[in-house]
Amino acid sequence: MTFDRLRPSDIEALLVGKREAGLSDSTRRLIYTVCRAMLDIAVRDGLVRRNPAVAVERPTIRRREARYLKPVEVGRLFEAANGDRLEPLIVLMLGTGLRRGEALALHWSDVDLAEGDVHVKWTLARVNRHLIFDEPKTEKSSRHTPLPSPVAEMLRHHKVTQAAERLAAPVWQPWEDHPDLVFPTQIGTPTDPRNALRAFVGIAERAGLSGVGLHTLRHSAASALIRSGAHIKIIQELLGQSSYGITADIYSHVDVEQQREAAERLGEAFPW
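Now for a look at the structure at hand. Bear in mind the structure is a predicted one, so any value in this text is a computation, not a measurement.

1. Looking at the side chain of Glu-102
No. 1: Relative to the helices and strands, Glu-102 is located in helix H5 (residues 100-104).
No. 2: In this structure the side chain of Glu-102 is engaged in a polar contact, spanning 2.9 Å, whose partner is the side chain of Arg-143.
No. 3: Sequence-distant contacts of Glu-102, that is, excluding residues within four places in its chain, are made with Val-120, Trp-122, Thr-123, Ser-141 and Arg-143.

2. A closer look at the packing of helix H4 (residues 87-96) against helix H6 (residues 149-168)
When two helices pack together, you describe them by how their axes are tilted relative to each other and by the distance separating the axes.
No. 1: It is at 10 Å that the axes of H4 and H6 come closest, and there the two elements cross at 155°. Judged by the angle between their axes, H4 and H6 are roughly antiparallel. Once H4 is placed against H6, the crossing between them reads as left-handed. Residue-level contacts link Pro-88, Val-91, Leu-92 and Gly-95 of H4 to Val-151, Met-154, Leu-155 and His-158 of H6.

3. Let's talk about unusual backbone geometry
No. 1: For Asn-128, which is not a glycine, the phi torsion comes out positive at approximately 50°.
No. 2: Positive phi values are uncommon outside glycine, yet Arg-129 reaches one of about 70°.
No. 3: Tracing the sequence through the fold places Arg-129 in the loop between strand S3 (123-127) and strand S4 (130-134).

4. Overview of the pairing of strand S5 (residues 143-146)
Along a regular strand, successive side chains alternate from one face of the sheet to the other.
No. 1: In S5, alternate side chains face the same way, and those of Arg-143 and Thr-145 are buried while those of His-144 and Pro-146 on the opposite face are not.
No. 2: Both strand S2 (residues 117-120) and S5 contribute to a ladder of four bridges, which runs antiparallel. Bridge pairing in S5 links His-119 to His-144.

Scoring rules and cut-offs
Residues numbered from 1 in each chain as written. Predicted model: local features only at pLDDT ≥ 70, side-chain atom pairs only at ≥ 80, totals over all residues. Heavy atoms only, no water. Helix = DSSP H or I, 4+ residues; strand = E, 2+ residues; numbered from the N terminus. Polar contact = N/O pair within 3.5 Å; in protein donor to acceptor, adjacent residues only side chain to side chain. Contact = heavy atoms within 4.5 Å. Axes fitted to C-alpha atoms, helices over the stretch in contact; angles between N-to-C directions. Parallel < 35°, antiparallel > 145°, perpendicular 65-115°, else oblique. Left-handed = near helix turned anticlockwise from the far one by under 90°. Buried < 20%, exposed > 50% of the residue type's maximum accessible area, 1.4 Å probe, protein only. Pairing = 2+ DSSP bridges.

As structure tokens, then:
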């Protein structure tokens, strides 16, 4: 079909077909955006008189409420993780809201224990069966993140423990370009994000927690910040999210305790 015969219904049929094929809302929106941009160029070049995609509603993204852990659940998680090799990673992610790839890519050279912060400069991911270190995707993702005092203390202890582990290891083979990882394997190589997730799920199951993953720790950190009264803009900066709107949308949930507190404050607001 040529551009001049394309109708809005054709684009709508394409998007419906992609939805029925199981593509996500975000992928369908990307397809729409690309189609519209291509047709804008076609209009500019005189290939068509008007852009039929303009008459098609852009696909919406349905966001599910982020699963997060309440304080009592965090207590159970800490109990189950006590002494586990993954415990320091869990503590760091809960205390900073770092993404899994950001935490696993953290280098000791990025950690300032004197100032109490970490510099997020890398992210680790598995791409085509290879582990790849890359720079964060957005300017906001590359950031300095302050450490709560208990988390900084944990990292001091972890650094000492890791040094002893390294001396005792029969083999230590860190990658040449990334020799000082905070959370390496037992031989100094990068920890595969999938292996970290599997280990975490096992710990969560021992704690009686279902439907959680490492990303749940990031959501839990954000939820705790919301309960503490932190402004959404501050939470956005701490989490390294690209926009205020995304943060406000994902973390718009308000639990029952917060609703009760708000109702009590409302009850105190008027001279009943």
